[in-house]
Amino acid sequence: MIVSIAVEDSGWEQIPALRELIQRAANATIASVGAAHQNLQTEFLLTNDAAVATLNAKWRGQPHATNVLSFPARNAPSPEGEARPLGDIVLASGVVTREAGEQGKTLPHHTTHLIVHGLLHLLGYDHGTDKDAARMQSLETQIVKGLGYPDPYERQ
């Protein structure tokens, strides 16, 4: 998995080795869903709440910041032998930091969970029904625990 990372907000500097954390979470997510999802590229934008609120309003009709947004590339073409664009993931520093504190998680733990969650959305997973939510949460838990963090759905 090839990841490109743009950091637009200094709040993200709180996470040591942020780029490595993102790469590791991305690799673990792709590995968990199988070889058919190899040779992919994802763009990450780590920004502030205002930027995420603007995107959320424009694309989802919800004028507030949220923790993570996923924008699938939807079969974007790629030249032969090059990585296929999977899509973009955008994270809001203030929301993510606040949620981590409220949930009793470290910022790296919560950020890792949201990266996994966002990537699974790009890979076609969803939580629109109880059955889909259970399937997605189970996979998220497996991946996050495999990266050395506790179950992201248990209150710490």
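An account of the accompanying structure is given in this report. Treat the numbers as computed from the prediction; the structure is a model and nothing was measured. Within each chain, residue numbers correspond to sequence positions counted from 1 in written order. Reporting of local features is limited, given that this is a predicted model, to residues whose pLDDT is at least 70; pairs of side-chain atoms are given and counted only at 80 or more, and all residues count toward the totals for whole chains, interfaces and linings. Only hydrogens and water are set aside; all other atoms, that is, all heavy atoms of the structure, feed into the side-chain values.

**Re the packing of helix 1 (residues 18-33) against helix 4 (residues 107-122)**
Any two packed helices are characterised by how steeply their axes cross, that is the angle between the axes, and by the distance between the axes.
Line of reasoning, step 1. Angular values range over 0 to 180 degrees, each being the angle between N-to-C directions of two axes fitted as lines to C-alpha atoms, with helices fitted over their stretch in contact. Secondary structure follows DSSP: runs of H or I at least 4 residues long count as helices, runs of E at least 2 residues long count as strands, and numbering of each begins at the N terminus. At a minimum axis distance of 9 Å, the contact between helix 1 and helix 4 shows a crossing angle of 45°. By the angle between their directions, the pair helix 1 and helix 4 is classed as oblique. Remark: the crossing between helix 1 and helix 4 carries right-handed chirality. Along the contact surface, helix 1 presents Leu 21, Ile 22, Ala 25, Ala 26, Thr 29 and Val 33, while helix 4 presents Pro 108, Thr 111, Thr 112, Ile 115, Val 116, Leu 119 and Leu 120.
Line of reasoning, step 2. Residues are sorted three ways: Asp, Glu, Lys and Arg are charged, Ala, Val, Leu, Ile, Met, Phe, Trp, Tyr, Cys and Pro are nonpolar, and all the rest, Gly among them, are polar. Residues of the contact of helix 1 with helix 4, tallied by class, amount to 10 nonpolar, 3 polar and no charged. We call two directions roughly parallel when the angle between them is under 35 degrees, roughly antiparallel when it is over 145, roughly perpendicular when it lies between 65 and 115, and oblique otherwise. What makes a crossing left-handed is the near helix being turned counterclockwise from the far one by less than a right angle; a clockwise turn instead makes it right-handed. What makes two residues a contact is simply this: any of their non-hydrogen atoms within 4.5 Å.

**Some words on the sheet that holds strand 3 (residues 68-72)**
Line of reasoning, step 1. Only strands that DSSP links by at least two bridges are regarded as paired with each other. Pairing in this open sheet of 4 strands is mixed, and the strands run 1-2-4-3 from one edge to the other. The strands lining the two open edges of the sheet, one partner per strand, are strand 1 (2-7) and strand 3. Here the average twist between neighbouring strands, direction ignored, is 15°.
Line of reasoning, step 2. Pairing of strand 2 (residues 40-47) with strand 4 (residues 84-92) involves 8 bridges; the strand directions are parallel. Its bridge partner being in strand 4, Thr 42 is matched across the sheet by Gly 87.
Line of reasoning, step 3. Across the sheet, helix 3 (residues 93-102) touches strand 2 and strand 4, and the angle it forms with strand 4 is around 65°.
Line of reasoning, step 4. The strands touched by helix 4 are strand 2, strand 3 and strand 4; relative to strand 4, the strand with the most contacts, the crossing angle is about 140°.

By themselves, these are just geometric observations and shouldn't be taken as functional.
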